[in-house]
Amino acid sequence: MIQFRPFPNAAVVYARRCFWLLALSLGLCVNSQAQTGSTACGDLANGFGPYDYRDHAGSSDRKTNPNNPLNLVEGAHFRREQEALLYGKTGPLSPVGPEIDYTLRAFPNHHKALDAMKRLRKKQQKDPPEGSKYTVECWFNRAIRFRPDDYVVRMIYVNFLTEEKQKPEAMKQLEIVLSAAKDNAFTYQNVGLLYFDLGEHQKALQMAHKAMELGLVRPELKEKLLAAGKWTDPVAASAEPAIAEPSAATSAPAKP
(Lines give C-alpha, C1' and ligand atoms only; values in the text may rest on other atoms or scores of the structure.)
Protein backbone atom coordinates (compact mmCIF):
# COMPACT_ATOMS: atom_id res chain seq x y z
CA MET A 1 0.00 0.00 0.00
CA ILE A 2 1.29 3.38 -0.95
CA GLN A 3 1.59 5.72 1.96
CA PHE A 4 1.10 9.42 1.36
CA ARG A 5 2.81 12.05 3.49
CA PRO A 6 0.49 14.78 4.58
CA PHE A 7 1.03 18.23 3.04
CA PRO A 8 2.44 20.73 5.54
CA ASN A 9 0.06 23.44 6.48
CA ALA A 10 0.67 27.06 5.43
CA ALA A 11 2.19 28.06 8.78
CA VAL A 12 4.85 25.34 8.54
CA VAL A 13 5.73 26.28 4.95
CA TYR A 14 6.06 29.94 5.95
CA ALA A 15 8.28 29.06 8.93
CA ARG A 16 10.56 26.91 6.77
CA ARG A 17 10.92 29.72 4.21
CA CYS A 18 11.79 32.20 6.96
CA PHE A 19 14.40 29.82 8.34
CA TRP A 20 16.19 29.43 5.00
CA LEU A 21 16.03 33.14 4.27
CA LEU A 22 17.54 33.86 7.69
CA ALA A 23 20.28 31.26 7.16
CA LEU A 24 21.09 32.69 3.73
CA SER A 25 21.24 36.26 5.04
CA LEU A 26 23.52 35.23 7.90
CA GLY A 27 25.80 33.43 5.46
CA LEU A 28 26.01 36.53 3.29
CA CYS A 29 26.85 38.64 6.32
CA VAL A 30 29.64 36.30 7.36
CA ASN A 31 31.08 36.27 3.84
CA SER A 32 30.90 40.05 3.65
CA GLN A 33 32.77 40.41 6.93
CA ALA A 34 35.40 37.94 5.79
CA GLN A 35 35.99 39.89 2.59
CA THR A 36 36.54 43.16 4.45
CA GLY A 37 39.02 41.63 6.90
CA SER A 38 42.58 40.46 6.34
CA THR A 39 41.33 37.46 4.35
CA ALA A 40 40.15 39.88 1.67
CA CYS A 41 43.84 40.30 0.84
CA GLY A 42 44.44 36.58 0.57
CA ASP A 43 46.43 33.93 2.36
CA LEU A 44 50.20 34.30 2.18
CA ALA A 45 50.76 30.63 1.29
CA ASN A 46 52.19 30.27 -2.20
CA GLY A 47 53.46 27.48 -4.44
CA PHE A 48 56.89 29.15 -4.56
CA GLY A 49 57.80 30.81 -1.29
CA PRO A 50 56.88 33.09 0.25
CA TYR A 51 60.42 34.30 0.85
CA ASP A 52 61.77 37.29 2.74
CA TYR A 53 63.14 39.74 0.18
CA ARG A 54 65.77 41.04 2.60
CA ASP A 55 67.30 37.59 3.15
CA HIS A 56 67.93 36.96 -0.53
CA ALA A 57 68.62 40.49 -1.77
CA GLY A 58 71.50 40.70 0.70
CA SER A 59 72.77 37.13 0.44
CA SER A 60 76.40 36.54 -0.50
CA ASP A 61 75.47 34.41 -3.53
CA ARG A 62 72.86 36.85 -4.80
CA LYS A 63 74.70 37.43 -8.10
CA THR A 64 76.40 34.06 -8.54
CA ASN A 65 73.90 31.36 -7.57
CA PRO A 66 71.39 30.72 -10.38
CA ASN A 67 69.21 28.82 -7.90
CA ASN A 68 68.87 31.77 -5.56
CA PRO A 69 65.04 32.15 -5.27
CA LEU A 70 65.23 35.88 -5.88
CA ASN A 71 67.33 35.37 -9.02
CA LEU A 72 64.81 32.83 -10.29
CA VAL A 73 61.83 35.10 -9.74
CA GLU A 74 63.38 38.33 -10.94
CA GLY A 75 64.97 36.68 -13.97
CA ALA A 76 61.59 35.45 -15.16
CA HIS A 77 59.15 38.05 -13.85
CA PHE A 78 60.85 41.23 -12.65
CA ARG A 79 63.56 42.31 -15.05
CA ARG A 80 64.38 45.96 -15.75
CA GLU A 81 61.58 46.30 -18.31
CA GLN A 82 59.01 45.09 -15.75
CA GLU A 83 60.34 47.38 -13.04
CA ALA A 84 60.07 50.25 -15.54
CA LEU A 85 56.47 49.15 -16.35
CA LEU A 86 57.29 48.82 -20.05
CA TYR A 87 55.94 45.35 -20.82
CA GLY A 88 55.49 41.85 -19.47
CA LYS A 89 57.25 38.53 -19.85
CA THR A 90 56.60 37.79 -23.52
CA GLY A 91 57.32 41.09 -25.22
CA PRO A 92 56.12 44.67 -25.83
CA LEU A 93 52.43 43.72 -26.17
CA SER A 94 52.24 41.63 -23.01
CA PRO A 95 50.90 43.11 -19.74
CA VAL A 96 53.27 43.80 -16.89
CA GLY A 97 50.72 43.42 -14.07
CA PRO A 98 50.81 39.60 -13.87
CA GLU A 99 54.61 39.63 -13.58
CA ILE A 100 54.64 42.03 -10.65
CA ASP A 101 51.77 40.07 -9.11
CA TYR A 102 53.80 36.84 -9.31
CA THR A 103 56.85 38.56 -7.82
CA LEU A 104 54.85 39.83 -4.84
CA ARG A 105 53.26 36.47 -4.16
CA ALA A 106 56.71 34.85 -4.04
CA PHE A 107 58.31 37.78 -2.16
CA PRO A 108 55.50 39.70 -0.37
CA ASN A 109 57.94 42.33 0.94
CA HIS A 110 59.84 42.86 -2.34
CA HIS A 111 60.57 46.59 -2.02
CA LYS A 112 60.99 47.39 -5.71
CA ALA A 113 57.98 45.31 -6.76
CA LEU A 114 55.75 47.04 -4.21
CA ASP A 115 56.84 50.40 -5.57
CA ALA A 116 56.28 49.18 -9.12
CA MET A 117 52.74 48.00 -8.33
CA LYS A 118 52.04 51.37 -6.73
CA ARG A 119 53.28 53.15 -9.85
CA LEU A 120 51.34 50.80 -12.13
CA ARG A 121 48.12 51.71 -10.36
CA LYS A 122 48.85 55.39 -10.87
CA LYS A 123 49.77 54.85 -14.52
CA GLN A 124 46.65 52.82 -15.35
CA GLN A 125 44.31 54.67 -12.97
CA LYS A 126 42.98 51.26 -11.96
CA ASP A 127 42.93 49.46 -8.63
CA PRO A 128 43.63 46.61 -8.78
CA PRO A 129 45.88 47.25 -11.77
CA GLU A 130 45.41 45.03 -14.82
CA GLY A 131 46.76 41.55 -14.13
CA SER A 132 46.92 42.06 -10.37
CA LYS A 133 44.80 39.86 -8.13
CA TYR A 134 44.78 42.39 -5.30
CA THR A 135 44.52 46.12 -4.78
CA VAL A 136 47.68 48.08 -3.99
CA GLU A 137 46.45 48.53 -0.42
CA CYS A 138 46.20 44.74 -0.17
CA TRP A 139 49.75 44.21 -1.40
CA PHE A 140 50.97 46.43 1.44
CA ASN A 141 48.67 44.62 3.87
CA ARG A 142 50.21 41.31 2.81
CA ALA A 143 53.78 42.62 3.04
CA ILE A 144 53.26 43.97 6.57
CA ARG A 145 51.51 40.79 7.71
CA PHE A 146 54.39 38.76 6.28
CA ARG A 147 57.20 40.79 7.86
CA PRO A 148 56.01 43.44 10.34
CA ASP A 149 59.63 44.38 11.05
CA ASP A 150 60.43 45.39 7.47
CA TYR A 151 60.42 49.16 7.94
CA VAL A 152 61.37 49.88 4.33
CA VAL A 153 58.00 48.39 3.36
CA ARG A 154 56.29 50.71 5.81
CA MET A 155 58.06 53.75 4.36
CA ILE A 156 57.03 52.80 0.81
CA TYR A 157 53.52 52.39 2.22
CA VAL A 158 53.70 55.89 3.72
CA ASN A 159 54.58 57.23 0.29
CA PHE A 160 51.46 55.53 -1.08
CA LEU A 161 49.30 56.81 1.79
CA THR A 162 50.59 60.34 1.23
CA GLU A 163 49.57 60.16 -2.43
CA GLU A 164 46.15 58.94 -1.33
CA LYS A 165 45.73 61.78 1.21
CA GLN A 166 45.56 59.32 4.11
CA LYS A 167 47.65 61.38 6.51
CA PRO A 168 46.54 59.85 9.86
CA GLU A 169 47.51 56.34 8.77
CA ALA A 170 50.75 57.63 7.25
CA MET A 171 51.67 59.33 10.53
CA LYS A 172 50.90 56.12 12.41
CA GLN A 173 53.23 54.13 10.16
CA LEU A 174 56.03 56.65 10.61
CA GLU A 175 55.75 56.38 14.38
CA ILE A 176 56.19 52.62 14.06
CA VAL A 177 59.30 53.14 11.93
CA LEU A 178 60.75 55.65 14.39
CA SER A 179 60.17 53.29 17.31
CA ALA A 180 62.79 51.00 15.76
CA ALA A 181 65.13 53.60 14.25
CA LYS A 182 67.68 53.53 17.10
CA ASP A 183 70.87 55.17 15.79
CA ASN A 184 70.22 54.65 12.08
CA ALA A 185 70.86 58.06 10.54
CA PHE A 186 69.49 57.03 7.13
CA THR A 187 66.17 56.10 8.71
CA TYR A 188 65.84 59.56 10.30
CA GLN A 189 66.74 61.18 6.98
CA ASN A 190 64.17 59.14 5.04
CA VAL A 191 61.47 59.62 7.66
CA GLY A 192 62.20 63.34 7.56
CA LEU A 193 61.62 63.40 3.80
CA LEU A 194 58.30 61.62 4.28
CA TYR A 195 57.28 64.04 7.04
CA PHE A 196 58.09 66.90 4.67
CA ASP A 197 55.83 65.42 1.98
CA LEU A 198 53.06 65.24 4.58
CA GLY A 199 53.51 68.94 5.38
CA GLU A 200 54.94 68.20 8.83
CA HIS A 201 57.86 70.62 8.50
CA GLN A 202 58.75 70.83 12.19
CA LYS A 203 58.97 67.05 12.46
CA ALA A 204 61.00 66.96 9.25
CA LEU A 205 63.41 69.50 10.73
CA GLN A 206 63.81 67.39 13.88
CA MET A 207 64.62 64.36 11.75
CA ALA A 208 67.21 66.33 9.76
CA HIS A 209 68.88 67.50 12.96
CA LYS A 210 68.88 63.95 14.34
CA ALA A 211 70.47 62.57 11.16
CA MET A 212 73.15 65.27 11.32
CA GLU A 213 73.77 64.51 14.97
CA LEU A 214 74.41 60.88 13.99
CA GLY A 215 76.93 61.98 11.37
CA LEU A 216 74.85 61.90 8.18
CA VAL A 217 75.22 65.03 6.09
CA ARG A 218 72.99 64.85 3.01
CA PRO A 219 71.52 67.85 1.21
CA GLU A 220 68.07 66.62 0.11
CA LEU A 221 66.04 67.25 3.24
CA LYS A 222 67.90 70.43 4.19
CA GLU A 223 67.40 71.87 0.70
CA LYS A 224 63.66 71.12 0.82
CA LEU A 225 63.35 72.81 4.19
CA LEU A 226 65.41 75.79 3.03
CA ALA A 227 63.22 76.20 -0.05
CA ALA A 228 60.11 76.11 2.15
CA GLY A 229 61.62 78.65 4.56
CA LYS A 230 61.52 76.08 7.37
CA TRP A 231 65.20 75.42 7.97
CA THR A 232 67.05 76.43 11.13
CA ASP A 233 70.51 75.29 12.16
CA PRO A 234 70.65 72.97 15.16
CA VAL A 235 71.61 74.67 18.40
CA ALA A 236 75.14 73.54 19.28
CA ALA A 237 75.34 72.09 22.76
CA SER A 238 78.23 73.43 24.87
CA ALA A 239 80.96 70.88 25.51
CA GLU A 240 81.28 71.92 29.13
CA PRO A 241 78.59 73.30 31.44
CA ALA A 242 78.92 77.03 31.98
CA ILE A 243 80.26 78.09 35.38
CA ALA A 244 78.44 81.07 36.79
CA GLU A 245 80.54 84.05 37.80
CA PRO A 246 80.28 84.78 41.53
CA SER A 247 78.16 87.78 42.36
CA ALA A 248 79.61 90.81 44.09
CA ALA A 249 77.87 89.89 47.31
CA THR A 250 79.35 86.41 47.43
CA SER A 251 82.84 87.39 46.24
CA ALA A 252 83.39 90.35 48.61
CA PRO A 253 85.30 89.56 51.80
CA ALA A 254 83.21 89.41 54.90
CA LYS A 255 83.39 92.49 57.10
CA PRO A 256 84.63 91.97 60.65
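Refer to the structure above for everything that follows.
Residues numbered from 1 in each chain as written. Predicted model: local features only at pLDDT ≥ 70, side-chain atom pairs only at ≥ 80, totals over all residues. Heavy atoms only, no water.

Draft legend 1. Layout of the packing of aromatic side chains. The final tally for this structure, using the stated rule, is 6 aromatic pairs. Grouped by ring-pair contacts, the aromatic residues Phe48, Tyr51 and Phe107 constitute a single cluster. Above the face of the Phe146 ring, Arg147 is positioned so that its terminal group lies 4.0 Å from the ring centre. Its end group placed over the ring of Tyr188, Lys210 keeps NZ or CZ at 5.8 Å from the ring centre. (Phe/Tyr/Trp six-rings, centres within 6.5 Å; stacked < 30°, edge-to-face > 60°. Lys NZ or Arg CZ within 6 Å of the ring centre and 35° of its normal.)

Draft legend 2. Quick look at the environment of Phe196. Among the structural elements, Phe196 can be located in helix 10 (residues 185–197). Along the backbone, Phe196 and Lys224 are 28 residues apart, and their C-alpha atoms lie at a distance of 8.0 Å. (Helix = DSSP H or I, 4+ residues; strand = E, 2+ residues; numbered from the N terminus.)

Draft legend 3. The arrangement of the environment of Ala208 in detail. Among the secondary structure elements, Ala208 is positioned in helix 11 (residues 201–213). Each C-alpha atom, one on Ala208 and one on Pro219, is 9.7 Å from the other, the two residues being 11 residues apart in sequence. Leaving out residues up to four positions away in the same chain, Ala208 has contacts with Leu221, Leu225 and Trp231. (Contact = heavy atoms within 4.5 Å.)

Draft legend 4. Representation of unusual backbone geometry within the structure. Across the junction of Gly49 and Pro50, the peptide omega takes the value 5 degrees, indicating a cis bond. Summarising the element assignment, Pro50 is placed in the loop between helix 1 (10–36) and helix 2 (53–57). For the bond from Asp127 to Pro128, the omega torsion is 5 degrees, close enough to zero to count as cis. As for its placement among the helices and strands, Pro128 is situated in the loop between helix 6 (111–124) and helix 7 (136–146).

Draft legend 5. Quick look at the nonpolar core. Formed by 47 residues in total, the largest nonpolar core has its most connected members in Ile100, Phe140, Val191, Tyr195 and Leu225. Listing elements by their share of this core, those giving two or more residues are helix 5 (97–106), helix 6, helix 7, helix 8 (151–163), helix 9 (167–179), helix 10, helix 11 and helix 12 (219–227). Here this core gets 7 residues from one element, more than from any other, and that element is helix 8. Ignoring sequence-local partners within four residues, the contact set of Ile100 consists of His77, Phe78, Gln82, Leu85, Ala113, Ala116, Met117 and Leu120. (Core = buried A, V, L, I, M, F, W, Y, C linked by side-chain atoms within 4.5 Å. Buried < 20%, exposed > 50% of the residue type's maximum accessible area, 1.4 Å probe, protein only.)

Draft legend 6. Broad picture of the environment of Phe140. Looking at where Phe140 falls in the secondary structure, it is placed in helix 7. Each C-alpha atom of the pair Phe140 and Asn109 lies 8.1 Å from the other, and the pair is 31 residues apart in sequence. In this structure Phe140 touches Leu114, Val153, Ile156, Tyr157 and Phe160, once residues within four positions along its chain are discounted.

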